[in-house]
Amino acid sequence: MGAPFYVLGPLVTDIAPGYDHITSAIGGAIAGASGAAFLCYVTPAEHLALPNVEDVKQGIIASKIAAHAADIAKKVPHAMDIDNAMADARKNFDWDKQWECAIDPETAKSICDDRTPEFDDTCSMCGKFCAVRSMNKALAGEHIDIL
């Protein structure tokens with residue numbers, strides 16, 4: 001009848017104590033894509049202990065990701081704009097734009113800063129084997145140096 005529908009922590013599985021924020025986010029994305037209008041966050045401490053500040057932060061972020069995924073699935077106008085901006089930032093290795101697009105820029109920046117890449121045109125995960133780096137070089141007519 002058009003009334004908002006609220007779901008409280010729809011866990012898709014109950015075997016992940018300490019990770020209930022993730023199982024709830026999966027369920028929340030499914031519920032949101034199916035029409036739920038409001039998601040309740042669940043913390044990693046669910047059924048284990050009273051949540052602390054970090055637990056609450058993780059629960060809220062997981063719920064925000066679920067809601068965003070649901071908006072994309074429902075084809076909400078402009079829901080993918082930030083994802084498209086992030087894709088462009090990743091392609092261009094524009095770290096500042098990536099932090100601007102990130103749902104939790106402090107954590108993203110901290111991880112990146114902690115593991116400095118060997119090359120400026122890639123992250124530290126793939127290094128010179130980075131597919132984005134190789135494609136950028138190929139499109140620019142440059143030699144791809146992976147060996």
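Placed above this text is the structure.
The notes below deal with the structure included here. (Residues numbered from 1 in each chain as written. Predicted model: local features only at pLDDT ≥ 70, side-chain atom pairs only at ≥ 80, totals over all residues. Heavy atoms only, no water.)

**Thoughts on a nonpolar patch on the surface**
Taken together, the side chains of Val12, Tyr19, Ile22, Ile26 and Ile30 make up a nonpolar region of the molecular surface, amounting to roughly 480 Å² of accessible area. Checked against the element boundaries, tyrosine 19 lands in the loop between strand S1 (6-8) and helix H1 (20-33). (Patch = residues over 30% accessible without salt bridge, like charges linked within 9 Å, V, L, I, M, F, W, Y side chains within 5 Å. Areas by Shrake-Rupley, 256 points an atom, 1.4 Å probe, with all protein chains shown as cover. Salt bridge = Lys/Arg side-chain N within 4 Å of Asp/Glu carboxyl O. Helix = DSSP H or I, 4+ residues; strand = E, 2+ residues; numbered from the N terminus.)

**A look at the pattern of salt bridges**
Evaluated as defined, the whole model comprises six salt bridges. With a closest N to O distance of 3.5 Å, aspartate 104 and lysine 57 form a salt bridge. With a gap of 47 residues between them, aspartate 104 in the loop between helix H4 (95-101) and helix H5 (105-114) and lysine 57 in helix H2 (residues 53-73) connect regions that are remote in the sequence. Given the relative accessible area of 11%, aspartate 104 is considered buried. Overall, the relative accessible area of 30% leaves lysine 57 in the partly exposed class. (Buried < 20%, exposed > 50% of the residue type's maximum accessible area, 1.4 Å probe, protein only.)

**A closer look at the packing of aromatic side chains**
Tallied over the full model, the rule gives three aromatic pairs. Judged by centre distance (6.4 Å) and plane angle (45 degrees), the ring pair of phenylalanine 93 and tryptophan 95 falls under tilted. For phenylalanine 93, a relative accessible area of 16% corresponds to the buried category. (Phe/Tyr/Trp six-rings, centres within 6.5 Å; stacked < 30°, edge-to-face > 60°.)

**Re the nonpolar core**
Of all hydrophobic cores here, the largest spans eight residues; its members are Val7, Ala25, Ala29, Ala31, Ala36, Leu39, Ala62 and Ala66. Of all elements in the fold, only H1 and H2 reach the threshold of two or more residues within this core. A total of three residues in this core trace back to one element, the largest contributor, which is H1. Non-local contacts of alanine 62, meaning those with residues more than four positions away in its chain, are made with His21 and Ala25. (Core = buried A, V, L, I, M, F, W, Y, C linked by side-chain atoms within 4.5 Å. Contact = heavy atoms within 4.5 Å.)

**Things to note about the packing of H1 against H2**
Direction vectors running N to C along H1 and H2 enclose 25 degrees, while the axes themselves pass 8 Å from each other. Classed by the angle they form, the pair H1 and H2 counts as roughly parallel. Here H1 and H2 pass one another in a crossing that is right-handed. Two secondary-structure elements touch here, H1 through His21, Ala25, Gly28, Ala29, Gly32 and Ala33 and H2 through Gln58, Gly59, Ala62, Ala66, Ala69, Ala70 and Ala73. Grouping the amino acids of the contact of H1 with H2 by side-chain chemistry returns eight nonpolar, five polar and no charged. (Axes fitted to C-alpha atoms, helices over the stretch in contact; angles between N-to-C directions. Parallel < 35°, antiparallel > 145°, perpendicular 65-115°, else oblique. Left-handed = near helix turned anticlockwise from the far one by under 90°. Nonpolar A, V, L, I, M, F, W, Y, C, P; charged D, E, K, R; others polar.)

**A word on the environment of aspartate 145**
Tracing the sequence through the fold places aspartate 145 in the segment after helix H6 (131-139). When the C-alpha atoms of aspartate 145 and serine 134 are compared, they prove to be 8.2 Å apart, with eleven residues separating the residues in sequence. Every residue in contact with aspartate 145, bar those within four places of it in the chain, is listed here: Lys128, Arg133 and Lys137. A polar atom in the side chain of aspartate 145 sits 3.2 Å from the side chain of arginine 133. (Polar contact = N/O pair within 3.5 Å; in protein donor to acceptor, adjacent residues only side chain to side chain.)

**Digging into H2**
Over its 21 residues, H2 runs 30 Å from end to end, which matches the ideal 30 Å to within 8%, given 1.5 Å per residue. Turning to H2, its buried residues number three or more, namely Asp55, Gly59, Ile61, Ala62, Ser63, Ala66 and Ala70. Structurally, H2 contributes buried residues whose contacts are with H1 and strand S2 (38-40). The opening residue of H2 is asparagine 52, an N-cap whose side-chain oxygen sits 3.0 Å from the backbone nitrogen of glutamate 54. (Expected span 1.5 Å × (residues − 1).)

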